[in-house]
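Per-entry structural report
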Amino acid sequence: MLPRFYPIFDSASWIARALPLGVKLVQLRSKDLSEDHTRAEIIAARDFCRKAGSTLVVNDYWQIAIDAGCDWVHLGQEGMDDADLGVLRRAGIKLGFSTHDDSELERALGLAPDYLAL
């Protein structure tokens with residue numbers, strides 16, 4: 001079972017600082033970085049989390065998450081439209097979705113998420 005609440009960080013370095021405090025679930029939500037920088041952040045965060053026995057959720061960058069061998073991806077409403085959910089499922093990626101109202105919640109539930117952010 002996942003923790004009900006988890007911190008969201010914009011860099012792998014912040015994740016590295018939080019993990020020794022006992023954090024078991026984190027999301028990496030980096031925006032406006034180059035693809036190479038984003039890839040490096042995801043790989044570093046993945047490695048920090050694996051070493052600490054924690055779960056990493058990658059926000060939005062689902063293709064890099066697959067390439068990096070990550071286990072979880074979080075998608076917002078636009079990401080749900082853009083991501084290939086079939087490819088994600090076949091890769092064994094667990095999915096979380098953001099919802100902000102009843103219609104978004106209904107839509108997300110129809111996609112069989114592994115978790116929902118409300």
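Just so you know, these numbers come straight off a predicted model, no measurement behind them. (Residues numbered from 1 in each chain as written. Predicted model: local features only at pLDDT ≥ 70, side-chain atom pairs only at ≥ 80, totals over all residues. Heavy atoms only, no water.)

**Here we look at the overall build of the chain**
Of the regular secondary structure elements, the chain holds 6 helices and 6 strands. Seen in sequence order, the chain has helices and strands lined up from the N terminus as β-α-β-α-β-α-β-α-α-β-α-β. Projected onto its principal axes, the C-alpha positions of the chain cover 35 × 30 × 25 Å. Partitioning the intrachain contacts of the chain with sequence separation of at least 6 by distance along the chain shows that 36% fall at a separation of at least 24. If you sum the accessible surface of the chain, you get close to 6900 Å²; carbon and sulfur atoms cover 52% of it. Averaging the locations of the 13 positively and 18 negatively charged side chains of the chain gives two centres separated by 9 Å. (Helix = DSSP H or I, 4+ residues; strand = E, 2+ residues; numbered from the N terminus. Contact = heavy atoms within 4.5 Å. Areas by Shrake-Rupley, 256 points an atom, 1.4 Å probe, with all protein chains shown as cover. Lys, Arg positive; Asp, Glu negative; His and termini not counted. Charge placed at Lys NZ, Arg CZ, Asp CG, Glu CD.)

**Description of the pairing of strand E5 (residues 94-98)**
Burial analysis of E5 places 4 of its 5 residues in the buried class, the great majority of the element. Bridge count between strand E4 (residues 72-75) and E5: 4 bridges; the pairing is parallel. Of the residues in E5, the one forming a bridge with valine 73 is leucine 95. Chirality of the crossover, the property in question, places the unit of E5, helix H6 (residues 102-110) and strand E6 (residues 115-117) among those that are right-handed. (Buried < 20%, exposed > 50% of the residue type's maximum accessible area, 1.4 Å probe, protein only. Pairing = 2+ DSSP bridges. Right-handed = clockwise from strand over helix to strand, strands pointing away.)

**A word on helix H2 (residues 35-52)**
Along its 18 residues, H2 runs 26 Å from first to last C-alpha, staying within 8% of the 26 Å computed at 1.5 Å per residue. Along H2, the positions that sit buried rather than exposed are Thr38, Glu41, Ile42, Ala45, Arg46 and Cys49. Within H2, the buried residues cover an arc of 130° as seen down the axis, which keeps them to one side. Turned more than 90 degrees away from the buried face of H2, the exposed residues are Asp36 and Lys51. If you follow the buried residues of H2, they end up packed against helix H1 (12-18), strand E2 (25-28), strand E3 (55-59) and helix H3 (62-67). At the C-terminal side of H2, glycine 53 shows a positive phi close to 70°. (Expected span 1.5 Å × (residues − 1). Arc of directions from axis to C-beta.)

**Comments concerning the nonpolar core**
With 28 residues, the main nonpolar core has Ile15, Val26, Leu56, Val73, Leu75 and Leu88 as its most contacted residues. Counting only elements with at least two residues in this core, the list comes to H1, E2, H2, E3, H3, E4, helix H5 (85-90) and E5. If we skip the residues at most four places from it in the chain, isoleucine 15 touches Phe9, Val26, Gln27, Leu28, Ala45, Cys49 and Leu56. With 5 residues, the next largest nonpolar core counts Tyr6, Leu25, Val57 and Tyr115 among its residues. (Core = buried A, V, L, I, M, F, W, Y, C linked by side-chain atoms within 4.5 Å.)

**Description of unusual backbone geometry**
Despite not being glycine, aspartate 60 has its phi angle at roughly 70°, a positive value. Take aspartate 60: it is sitting in the loop between E3 and H3. Under the relative-accessibility criterion, aspartate 60 is labelled partly exposed at 24%. Even without a glycine there, the phi angle at alanine 112 is positive, about 55°.

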